[in-house]
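# Reading the structure
What follows is each chain in one-letter form.
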Amino acid sequence: KQEVTQIPAALSVPEGENLVLNCSFTDSAIYNLQWFRQDPGKGLTSLLLIQSSQREQTSGRLNASLDKSSGRSTLYIAASQPGDSATYLCAVDTGRRALTFGSGTRLQVQP
Amino acid sequence: GAGVSQSPSNKVTEKGKDVELRCDPISGHTALYWYRQSLGQGLEFLIYFQGNSAPDKSGLPSDRFSAERTGGSVSTLTIQRTQQEDSAVYLCASSHTQGNEKLFFGSGTQLSVL
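Residues numbered from 1 in each chain as written. Chains lettered and ligands numbered in written order. Predicted model: local features only at pLDDT ≥ 70, side-chain atom pairs only at ≥ 80, totals over all residues. Heavy atoms only, no water.

The full count for this structure, using the stated rule, is 2 disulfides over all chains. Through a disulfide, Cys23(A) is tied to Cys90(A); the S-S separation comes to 1.9 Å. Measuring the twist about the S-S bond at about 70°, one finds the Cys23(A)-Cys90(A) disulfide to be right-handed. Separated by 67 residues along the polypeptide, Cys23(A) in strand β3 (residues 19–25) and Cys90(A) in strand β9 (residues 86–93) bring together distant segments of the chain. Using a relative accessible area of 2% as the deciding quantity, one classes Cys23(A) as buried. With its sulfur 1.9 Å from that of its partner, Cys23(B) forms a disulfide with Cys92(B). The S-S bond linking Cys23(B) to Cys92(B) shows a torsion near -65°; that makes this disulfide left-handed. Of the two residues, Cys23(B) sits in strand β3 (residues 19–24) while Cys92(B) sits in strand β8 (residues 88–95), which places them 69 residues apart along the sequence. (Disulfide = S-S within 2.5 Å. Helix = DSSP H or I, 4+ residues; strand = E, 2+ residues; numbered from the N terminus. Buried < 20%, exposed > 50% of the residue type's maximum accessible area, 1.4 Å probe, protein only.)

Structure below.
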């Protein structure tokens with residue numbers, strides 16, 4: 001059974017810092033991995049999707065990497081801003097028609 | 001519509017009552033998912049629809065839960081004889097096809113069972 005773990009569970013940083021969020025998964029047979037953002041009381045917004053054949057994806061200040069063999073992904077946020085404060089979730093697609101989600105990292109960027 | 005729409009946004013009900021939650025996916029999206037997010041827990045898969053194929057109901061927690069998707073578009077999740085442990089945010093998502101596609105989520109329905 002696929003299990004997804006995210007570390008740390010919570011993170012507080014001053015504005016302007018670069019930061020890394022970690023995601024690990026137990027079964028490396030995945031189709032893709034997605035990083036989502038969830039704001040309080042809102043749904044999830046897909047940030048980046050990395051196919052199993054890819055090593056990384058970039059969007060603006062966000063960069064996500066994937067090491068399938070070791071079962072790890074990282075989300076790098078450059079020059080963090082207070083507006084980045086949210087919960088970040090990673091999810092893997094193993095072809096079971098349903099994504100398996102981690103419990104998320106709650107990020108607070110202090111102005 | 002511009003995004004996935006869910007209604008109601010909040011629902012308070014008494015234990016034992018039935019509730020219906022609605023999801024209107026993005027136009028043209030053939031795949032539709034229901035997830036549940038309980039306080040302090042990750043997202044739990046409930047059910048998946050793809051086009052006219054039989055739905056994948058493997059995530060439904062009990063036979064009190066059911067869902068249908070009419071005309072390949074709007075979906076309704078029904079919970080019968082609600083229990084307090086059903087209290088959660090119910091999230092709907094859609095994608096253009098199943099597999100290797102970004103999921104687009106609605107804002108969810110916050111269900112509170114008293």
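Moving on to the interface of chain B and chain A. Taken residue by residue, the interface counts 20 residues in chain B and 22 residues in chain A. Summing both sides of the interface, chain B and chain A together bury roughly 1,600 Å²; the carbon and sulfur share of this comes to 50%. For the pair chain B and chain A, the number of links is 0 salt bridges. Applying the counting rule to chain B against chain A returns 2 residue pairs in polar contact (both at pLDDT 80 or more). Of the residues that constitute the side of chain B that touches chain A, the class distribution is 9 nonpolar, 8 polar and 3 charged. (Contact = heavy atoms within 4.5 Å. Buried area = accessible area lost by both parts, 1.4 Å probe. Salt bridge = Lys/Arg side-chain N within 4 Å of Asp/Glu carboxyl O. Polar contact = N/O pair within 3.5 Å; in protein donor to acceptor, adjacent residues only side chain to side chain. Nonpolar A, V, L, I, M, F, W, Y, C, P; charged D, E, K, R; others polar.)

Before going further, it helps to examine the side chain of Thr100(A). Residues and elements named next belong to chain A. With respect to the secondary-structure elements, Thr 100 resides in strand β10 (residues 99–101). The buried category is assigned to Thr 100, whose relative accessible area is 18%. With sequence-adjacent residues up to four places away left out, Thr 100 is seen in contact with Gln 2, Val 4, Cys 90, Ala 91 and Val 92.

A word on the sheet that holds strand β7 (residues 75–79) of chain B. Residue and element names in this part refer to chain B. Strand order in the open sheet made by the 4 strands is β1-β3-β7-β6, with antiparallel pairing throughout. Two strands bound the open sheet, and with one partner strand each, they are β1 (5–7) and β6 (65–69). On average, adjacent strands in this sheet sit at an angle of 15° to one another, irrespective of strand direction. (Pairing = 2+ DSSP bridges. Axes fitted to C-alpha atoms, helices over the stretch in contact; angles between N-to-C directions.)

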